[in-house]
Amino acid sequence: MAIATINAMAVTPDLSKIADIMESHPCTSAAIDYEIMLPSAADPVTYHITIESATDKADSIIGGSYLIDWRLPRPKGESHGFAAYFDGNHFRFRDVKLQEYHAKENIAPFLGPKGIARQAQFADLVPFIFADKLRQIEADSSYKYSITERNGKINIQGIQNISGYDALEFDYILDATTMLPVSMDMEYNPASISEQTVNITFSWTTPDGTCPIFSEKKLMSRYPEIFDKFRTSNFHVLSMLGHEIPQFSVPTTTHERYTYDKGRGFRQPTLLAFLDASGPTSADIARQIRQAATVSPYPFDVIYLSGSNDIEACETLTGNLHEGETSLIGAQSLIRNCGINAFPTLLFCSKDGIIKEIEIGANQNLPEIVIQKMAFCR
C-alpha cells in the first residue's frame with residue numbers, strides 16, 4: 001500500500017496543502033514520546049504513546065478511526081490508558097475508569113470541534129485530526145506563523161496571541177515528503193508563572209498490507225482485563241483490588257477539603273470506610289473501627305466517607321474525631337468511581353494508596369477483621 005507523498009514544488013506549500021497530504025494517508029502508525037516540563041518540576045513528565053489510525057472520508061464524525069495507547073512511568077508504578085474511536089463508537093480508559101459513548105444512542109457528545117472523540121487525550125496527534133488543526137490555524141487571525149522548507153523538512157513556526165497576550169509559541173517540523181510530523185515543540189503561556197513546555201517526537205512506521213480494521217471485538221481482545229473488570233456493566237468495587245484508589249477531592253465535616261492526588265499516597269496505611277449516614281448500624285460500625293485502630297499493633301489512619309451532604313448527620317455518625325481520623329461528606333463521585341453499591345464498604349489501603357483488602361457489609365467480628373486486614377497493608 002503506497003503512502004501519500006508530495007512532489008517537489010516550486011514554492012513551499014501552504015497549511016491547507018500540507019493538511020490535505022497529511023490526512024491522505026490511508027492509515028498510519030507511530031511511536032511517540034510526549035514530554036511535559038513544568039516550571040516547578042525538576043524532571044519532565046514523559047508519556048510513551050503508540051497511535052494507529054485510518055482515514056475514512058465516509059465517517060461524518062471525525063473522518064476516520066484511531067487507537068491511542070499511552071503509558072506514564074511513575075516512581076510507584078506505571079499509569080496506563082487508551083482512547084479509541086471507530087464507526088461512531090468512542091472508548092477511553094485511564095487507570096480504573098472505562099468510559100464508552102455510542103453515537104447511535106446519543107450523538108450529542110460527538111458533535112462539533114470539541115466532540116469527545118476529538119478531545120480524547122492525545123487525539124490531536126492523530127494525523128487526520130492534526131490536519132484539521134492546521135486548517136484552523138490558517139483560518140484563525142489570532143495565529144501568526146511562517147512556513148519554511150529545508151533539507152527535506154517543513155518547519156511551521158508561530159505564535160497565538162489572545163487578548164494581547166502570547167498564549168502559545170509553537171514549532172512544528174514535518175517530513176516534506178509525507179507531511180507527517182517529526183517533532184513538535186510548544187510553549188504554553190510563555191514567560192508566565194503558568195508556563196508549560198511540551199516536546200513531542202514521532203517515529204512513524206510504514207503500513208504493511210491492508211489497513212487495520214477497528215472494532216469493539218478487537219478492542220476487547222487487546223484489553224481483556226480492562227473490559228472484564230471496568231466496563232460499567234461489570235464494574236464492582238472488587239475490581240479495585242490491587243489498584244490505587246482513584247484521585248478525589250471531597251469536603252470534610254470541618255468545612256475544609258481533603259484531596260488525594262494520583263501517585264501521592266497516604267501518610268501511613270489508611271482505611272477508607274464508606275458508610276451510610278442514615279444507616280441504623282453505621283455509628284456502631286464507626287465505633288468498632290475506632291476500637292480496632294486504638295488496639296492495633298500497626299498504626300493506621302481512618303477516613304470515614306458518606307455520600308450525604310448532611311454535616312450534622314455525618315458528625316453524629318462518627319462523634320468527635322480522634323487523631324488520624326478524617327470525616328468526608330458528599331463523596332458520591334468517589335463512591336461511583338470505586339464501584340461501591342453497598343454499605344458499609346471498607347477499603348484497606350497501603351501507604352502508597354493501593355487497595356490491598358476489601359470488606360463489604362457488617363460483621364460481628366469487625367474489630368478483629370480490621371486489624372487483620374490492615375496488617376496486610378504494611
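Notes on the structure in this doc start here. As the structure is a computational prediction, the values presented were derived from the model and not from experiment.

**Description of the nonpolar core**
Core analysis: the largest hydrophobic core is formed by 50 residues, its most contacted members being Ile-49, Tyr-66, Leu-125, Leu-134 and Tyr-172. Per-element accounting of this core gives the leading share, six residues, to helix H3 (residues 127-139). What Tyr-172 contacts, discounting residues up to four positions off in sequence, is Phe-130, Leu-134, Ile-137, Ile-154, Asn-155, Ile-156, Ser-183, Met-184 and Met-186. Within the second largest apolar cluster, 38 residues are counted, among which are Phe-93, Tyr-223, Met-240 and Ala-331.

**Notes on unusual backbone geometry**
At the junction of Phe-343 and Pro-344, the peptide bond is cis and its omega measures out at -5° in the coordinates. Positive phi outside glycine occurs at Asn-151, with the angle close to 50°. Inspection of the secondary structure assignment puts Asn-151 in the loop between strand E7 (143-150) and strand E8 (153-162).

**A look at the sheet that holds strand E6 (residues 97-102)**
Pairing is antiparallel in the open sheet, where 11 strands are placed in the order E6-E5-E4-E3-E2-E1-E11-E10-E9-E8-E7. Both edges of this open sheet fall to E6 and E7, since each of them pairs with a single strand only. Going across the sheet, the axis of each strand differs from the next one's by a mean of 10°, ignoring polarity. With eight bridges connecting them, E7 and E8 associate as antiparallel partners. Bridging from a neighbouring strand, Tyr-143 pairs with Gln-160 of E8. Together, strand E1 (27-37), strand E2 (45-55), strand E3 (64-72), E7, E8, strand E9 (165-175), strand E10 (181-188) and strand E11 (196-205) form the strand contacts of H3, whose direction differs from that of E7 by roughly 120°.

**A look at empty space enclosed by the protein**
Rolled over the atoms, a probe as big as a water molecule pinpoints where empty space is left. A complete count under the given rule lists two cavities of 30 Å³ or more for this structure. Contributing to the lining of the largest cavity are Leu-67, Phe-86, Phe-214, Ser-215, Lys-218, Leu-219 and Arg-222. For the lining of the largest cavity, the leading source of residues is helix H4 (residues 216-222), giving three residues. Class assignment for the residues of the lining of the largest cavity results in four nonpolar, one polar and two charged.

**A few points about the state of the cysteines**
In a disulfide, the sulfur atoms of two cysteines are covalently bonded to one another. Under the definition given, this model contains one disulfide. With its sulfur 2.2 Å from that of its partner, Cys-27 forms a disulfide with Cys-211. Classification of the bridge connecting Cys-27 and Cys-211 rests on its S-S torsion, roughly -80°, and on that basis the disulfide is left-handed. Of this pair, Cys-27 sits in strand E1 while Cys-211 sits in the loop between E11 and H4, placing them 184 residues apart in sequence. Relative accessible area serves as the criterion here: at 23%, Cys-211 is assigned to the partly exposed category. Not part of a disulfide, Cys-377 finds its nearest cysteine sulfur in Cys-349, a span of 6.8 Å. Among the residues examined, Cys-377 registers a relative accessible area of 1% and is labelled buried.

**Some points on helix H1 (residues 15-22)**
Residues of H1 that are buried include every one of Leu-15, Ile-18, Ala-19, Ile-21 and Met-22, and no others. When H1 is viewed along its axis, its buried side chains cluster within an angular range of 165° and face the same direction. Residues of H1 that are buried make contact with H3, E7, E8, E9 and E10.

**Remarks on the layout of surface pockets**
In this model, the largest pocket occupies a volume close to 660 Å³. Together, 22 residues line the largest pocket, and Arg-118, Gln-119, Asp-124, Lys-133 and Gln-136 are the ones closest to its centre. Residue assignment for the lining of the largest pocket shows that the elements contributing at least two residues are helix H2 (116-119), H3, E9 and E10. Looking at the lining of the largest pocket, the element that brings in the most residues is H3, giving five residues. By residue class, the composition of the lining of the largest pocket is 13 nonpolar, four polar and five charged. Its volume calculated, the second largest pocket comes out at about 540 Å³. Taken together, 23 residues make up the lining of the second largest pocket; nearest its centre are Glu-78, Ser-79, His-80, Asp-95 and His-243. For the lining of the second largest pocket, the secondary-structure elements that each account for two or more residues are strand E4 (79-86) and helix H5 (224-230).

**Describing the side chain of Lys-373**
Relative to the helices and strands, Lys-373 resides in helix H9 (residues 366-375). A relative accessible area of 16% places Lys-373 in the buried class. Among residues more than four places away in sequence, those in contact with Lys-373 are Phe-348, Glu-357, Ile-358 and Glu-359.

**What to know about the pattern of salt bridges**
A full pass over the atoms with the stated rule returns 16 salt bridges. Two residues, Asp-20 and Arg-135, come together in a salt bridge whose shortest N-O distance is 2.9 Å. With Asp-20 in helix H1 and Arg-135 in helix H3, this residue pair connects regions lying 115 residues apart in the sequence. Asp-20 gets classed as partly exposed once you look at its relative accessible area, which sits at 38%. Using a relative accessible area of 24% as the deciding quantity, one classes Arg-135 as partly exposed. A single network of salt bridges, built from pairs that share partners, joins Asp-20, Glu-23, Lys-57, Arg-118, Asp-132 and Arg-135.

Criteria and thresholds
- Each chain carries its own residue numbering, running from 1 in the written order of its sequence.
- Residue-level local features of this predicted model are given only where pLDDT is at least 70; pairs of side-chain atoms are given and counted only at 80 or more, and the full residue set underlies all totals for whole chains, interfaces and linings.
- Hydrogen atoms and water are omitted, and side-chain values are computed over all heavy atoms in the structure.
- Definition used in this section: a nonpolar core is a set of buried Ala, Val, Leu, Ile, Met, Phe, Trp, Tyr and Cys residues joined via side-chain atoms within 4.5 Å.
- Accessibility here uses a 1.4 Å probe with only protein chains present; expressed as a share of the type maximum, an area under 20% marks a residue as buried, one over 50% as exposed, and anything in between as partly exposed.
- Strands are runs of DSSP state E lasting at least 2 residues, helices are runs of H or I lasting at least 4, and numbering of each runs from the N terminus.
- Here a residue-residue contact requires only that any non-hydrogen atoms of the pair lie within 4.5 Å.
- Note on pairing: DSSP must find at least two bridges between two strands before they are called paired.
- Fitting a line to C-alpha atoms yields each axis, with helices limited to the stretch in contact; the angle taken between N-to-C directions then spans 0 to 180 degrees.
- Using only the protein atoms, space was sampled on a 1 Å grid; points where a 1.4 Å probe fits but cannot get out form cavities, open sets with protein on both sides within 12 Å along at least five of seven lines form pockets, and lining residues are those with an atom within 4 Å of a point.
- Grid points are joined across faces, edges and corners, and a volume is the space filled by probe spheres set on the points.
- Note on residue classes: Ala, Val, Leu, Ile, Met, Phe, Trp, Tyr, Cys and Pro are nonpolar, Asp, Glu, Lys and Arg are charged, and everything else, Gly too, is polar.
- Whenever a pair of cysteine sulfur atoms sits within 2.5 Å, that pair is classed as a disulfide.
- Within this analysis, the arc is defined by the directions that extend from the helix axis to the C-beta atoms.
- Whenever Lys or Arg places a side-chain nitrogen within 4 Å of a carboxyl oxygen from Asp or Glu, that contact is recorded as a salt bridge.

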